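Reading the structure
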There are 2 protein chains.
Amino acid sequence: MALKNAFYAQSGGVTAVINASACGVIETVRANRDRIGKVFAGRDGIIGALTEDLIDTDKESAATIAQLRHTPGGAFGSCRYKLKSLESHRREYQRLIEVFAAHGIGYFFYNGGGDSADTCLKVSQLAEAMDYPIQAIHIPKTVDNDLPLTDCCPGFGSVAKYVAVSALEASLDVRSMARTSTKVFVLEVMGRHAGWIAAAGGLVEDHGIPVVVLFPEIPFEEEQFLARVSELVARHGFCTVVVSEGCHHADGRYLAQQGPRDAFGHEQLGGAAPVVARMIRQGLGHKFHWAVADYLQRAARHIASTTDAKQAYEAGAAAVKLALKGHSAVMPTIERISDKPYRYRFGMAPLTEVANVEKHMPRHYISEDGFGITEGCKRYLRPLIRGEDYPKYKDGMPVYVTLKNVPVRKKLATFDLH
Amino acid sequence: MALKNAFYAQSGGVTAVINASACGVIETVRANRDRIGKVFAGRDGIIGALTEDLIDTDKESAATIAQLRHTPGGAFGSCRYKLKSLESHRREYQRLIEVFAAHGIGYFFYNGGGDSADTCLKVSQLAEAMDYPIQAIHIPKTVDNDLPLTDCCPGFGSVAKYVAVSALEASLDVRSMARTSTKVFVLEVMGRHAGWIAAAGGLVEDHGIPVVVLFPEIPFEEEQFLARVSELVARHGFCTVVVSEGCHHADGRYLAQQGPRDAFGHEQLGGAAPVVARMIRQGLGHKFHWAVADYLQRAARHIASTTDAKQAYEAGAAAVKLALKGHSAVMPTIERISDKPYRYRFGMAPLTEVANVEKHMPRHYISEDGFGITEGCKRYLRPLIRGEDYPKYKDGMPVYVTLKNVPVRKKLATFDLH
């Protein structure tokens, strides 16, 4: 009997370490060639499966695959394409099964966040209903750190490190300038619904930096916010504000939405940072600077944390091992054993309990006034940003790999995506 | 006869490596204690001299001073406080001489850009006119790289490296997402009058990234810009835009100024990036993301270039050596001997030829269409971003030093700044 092949795809926003998970999957499959066949990757995520646009990862050398471990972005392409309910999207799910059958695929590894956990679960359910044997394993990945049942999510630790390091460095800059120039620095970070990334900015407090953190979990109150900034500037001469893009008012309006509309009636394309900066100028008169890190933060492989890069690799490897043990509709999870020394092990969670659940910051990780993080939160974050997993450099630039991405010959009729 | 002391101050926007120059000054003075006395630093730049708020750097251990080499920001504080003409600001210049006389200061080391070269020159002229013997040496520092007569400016190489690395990483992210999501990434970088920093973004072309660079030196033409972006997206599926904050229309209006006004009549606090992003959406319909790096870029000591950190240190050391040789009203310059292998030596330029001169990008460093850099420009930039001069880390965070900054006892009456 021929060995079953594996399908691997990257889903949603990519991270600095999602390719480390791909590397973990591919290397672990290669180490188990007596039990699994090839790894076919989906070009541009699940779209690659729907359109039978598969990449033969066997065409890449071991050395090239090893370089994935240090390369940011999604090496096979990712996508934002959510397969919704089985009822309304049955045609797509059935197509997936057809493609898998045509290419002898018995393992489905899907590397993404909450949405893709849901897709992964539905693939496993439909395969069962259609009596097509496939094991669907979800590999956790999200800079937002909002998947449930895992202590943390691969991708988060590196963003957290980037935000903490960048906030510290910019704060030292502002501290130098505060006497005659900039007194407040505002840094906008990602996290539409959960404040984990913003929380990492709170770590600079341990380095003597007065910082205000604005979380999506805490409704924004302008008056209290300005009072806090004013107090810190009075005491320290300057302060840093780390604002989550998802920070919003009690009525749900995002801060980023309150800008004026342009001549075409579009909302101002500002983020939350310029809005907060304007409040500070209007309310307190302080000079400010603001930055929006956007993709820079989630792509910053140059400052990836060793913990994160290692866990991303291990999550990929763990997914293959779970498949080899016969599991399906599960996700490998990271279970923390202790903070200091930091110890963890891999566990497993059923996708029925992962799909569509968002893990927000617990209230006890946020300080009572809502503008900072607690010691408990710091204990949680510190091990995740530990270690500098530097890429190699050549002539001053990091050496990142671009794969050949050789397509697998198609066997089926074309499929119209919509 | 008592040895003369030295005054050292940091001026204008700080950089990731200005403290390396401070380290170079202090360590070189300490190595020449038979010829120079103490280094007194100005707290918050020249304001420290005017207000007789001097810092005794002898109170810091050798180990602490050595740590300055890897610490971003301005360790003694900087300021934006320009001493203008001798005529209108004679009172300030005379006060400087009084403070220097009161503390036995015979060397004036001023670490800054074009404005501070001018101040440094005036101090030397007034000292001569007042028959107070002082040697004034300017130490080059500016992320803008716009000082004349030196091949490059300490501070620039590290920003250039940050911009090149960040643009590459974010571009790999966009490339992954382009099929169903973001097709254009816009990164705004510093450089109000000169496009050197933006030029560094052009280096990603060598890594297979389609990139458009917008320089202050080239008047912005929306139609041609959109045509170029459209062409690159059609060919590659995505593109990256690196826009200088100083990019402007032919009539001088900055791109950043063209946003709508808010309810208070203030100009939109957006940078150039959101404006460019909006153009792309309105003109081409592409999904985009934008980032404004702001202070993150000039504070990013974690990704400082070895060439830059080394030259910053050497510029400080060279300034002391020039003083010991009897020079005044000069600035140490970096003279490039060859590109590959990169070789340079320190020279010297008279401040009369440095003060108030801005070095823009030469036209032959910008591609003919105005949207990229030439091979000559790349040859210029590559050695400047070479090497990774990493700081030490502890528990995932860089180890940056904060000095004690012990004040020197005051001897004069207080001075009213204005």
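Residues numbered from 1 in each chain as written. Chains lettered and ligands numbered in written order. Predicted model: local features only at pLDDT ≥ 70, side-chain atom pairs only at ≥ 80, totals over all residues. Heavy atoms only, no water.

Where we set the bar: UniProt positions are given in the numbering used here, feature names are shortened, and annotations may be inferred rather than shown by experiment.
The name that an unreviewed UniProt entry assigns to chain A is Pyrophosphate--fructose 6-phosphate 1-phosphotransferase, with the source organism given as Ramlibacter monticola. UniProt's Subunit (unreviewed entry) comment on chain A is quoted here verbatim: "Homodimer." The UniProt entry for chain A carries the following comment under Sequence similarities (unreviewed entry): "Belongs to the phosphofructokinase type A (PFKA) family. PPi-dependent PFK group II subfamily. Clade 'B2' sub-subfamily."

**Describing the packing of aromatic side chains**
Applied cut-off: Stacked, tilted and edge-to-face pairs are distinguished by plane angle, under 30 degrees for stacked and over 60 for edge-to-face with tilted covering the rest, among Phe, Tyr and Trp rings (Trp via its six-membered ring) whose centres lie within 6.5 Å. Under the DSSP-based scheme used, a helix requires at least four consecutive residues in state H or I and a strand at least two consecutive residues in state E, with every element numbered from the N terminus. When accessible area is computed with a 1.4 Å probe and restricted to protein chains, residues below 20% of their type maximum are described as buried, those above 50% as exposed, and intermediate ones as partly exposed. In our convention, an over-ring charge means Lys NZ or Arg CZ found within 6 Å of a ring centre and within 35 degrees of that ring's normal.
Taken as a whole and assessed by the stated rule, the structure comprises 30 aromatic pairs over all chains. Both rings, one in B:Trp196 and one in B:Tyr380, keep their centres 5.3 Å apart while their planes meet at 50°; by these two values the pair is tilted. On the criterion of sequence distance, the pair formed by B:Trp196 in helix H7 (residues 196-201) and B:Tyr380 in helix H12 (residues 375-381) is long-range, its members being 184 residues apart. We note that B:Trp196, like B:Tyr380, is buried. One aromatic cluster in this structure is built from A:Phe7, A:Phe100, A:Phe108 and A:Tyr110. Over the ring of B:Tyr313 we find B:Arg69, and its NZ or CZ is 4.0 Å from the ring centre.

**Considering the state of the cysteines**
Residues and elements named next belong to chain B. For the record, the criterion: Disulfides are defined as pairs of cysteine sulfur atoms found within 2.5 Å of each other.
The final tally for this structure, using the stated rule, is 0 disulfides over all chains. Unpaired in this structure, Cys120 has its nearest cysteine sulfur neighbour in Cys79, at a distance of 14 Å. Owing to a relative accessible area of 0%, Cys120 belongs among the buried residues under this scheme.

**Here we look at the interface of chain A and chain B**
How big an interface is tends to be stated in terms of accessible area lost as the parts join. What counts, and what does not: We call two residues in contact whenever any of their non-hydrogen atoms come within 4.5 Å of each other. When a carboxyl oxygen of Asp or Glu lies within 4 Å of a side-chain nitrogen of Lys or Arg, that pair is called a salt bridge. Under the rule applied, a polar contact is a pair of N or O atoms within 3.5 Å (in protein, one hydrogen donor and one hydrogen acceptor; residues adjacent in sequence only if both atoms are side-chain atoms). Gly falls in the polar group here, along with every residue not listed as nonpolar (Ala, Val, Leu, Ile, Met, Phe, Trp, Tyr, Cys, Pro) or charged (Asp, Glu, Lys, Arg).
Each partner contributes to the interface: chain A provides 78 residues, whereas chain B provides 78 residues. Across the chain A-chain B interface, the total number found is 6 salt bridges. Here B:Arg179 and A:Asp44 are joined by a salt bridge, their closest N and O atoms 2.9 Å apart. In this assembly, chain A and chain B are joined by 27 residue pairs in polar contact (both at pLDDT 80 or more). Looking at the side of chain A that touches chain B, the elements that each hand over two or more residues are helix H6 (156-177), strand S6 (184-189), helix H9 (272-284), strand S9 (288-292), helix H10 (295-299) and strand S13 (397-398) of chain A. Take the side of chain A that touches chain B: its biggest share by element is 14 residues, from H6(A). Taken together, the residues of the side of chain A that touches chain B sort by class into 35 nonpolar, 23 polar and 20 charged.

**Digging into the relation of the copies chain A and chain B**
Note the threshold: The superposition of copies rests on a least-squares fit of C-alpha positions from residues with pLDDT of 70 or more in both.
Relative to chain B, chain A is turned by 180° and slid 0.0 Å along the rotation axis, the superposed coordinates differing by an RMSD of 0.0 Å. What we have between these two chains is a two-fold relation. Taking C-alpha positions as the reference, the residue of chain A nearest the rotation axis is A:Val292, at 2.5 Å.

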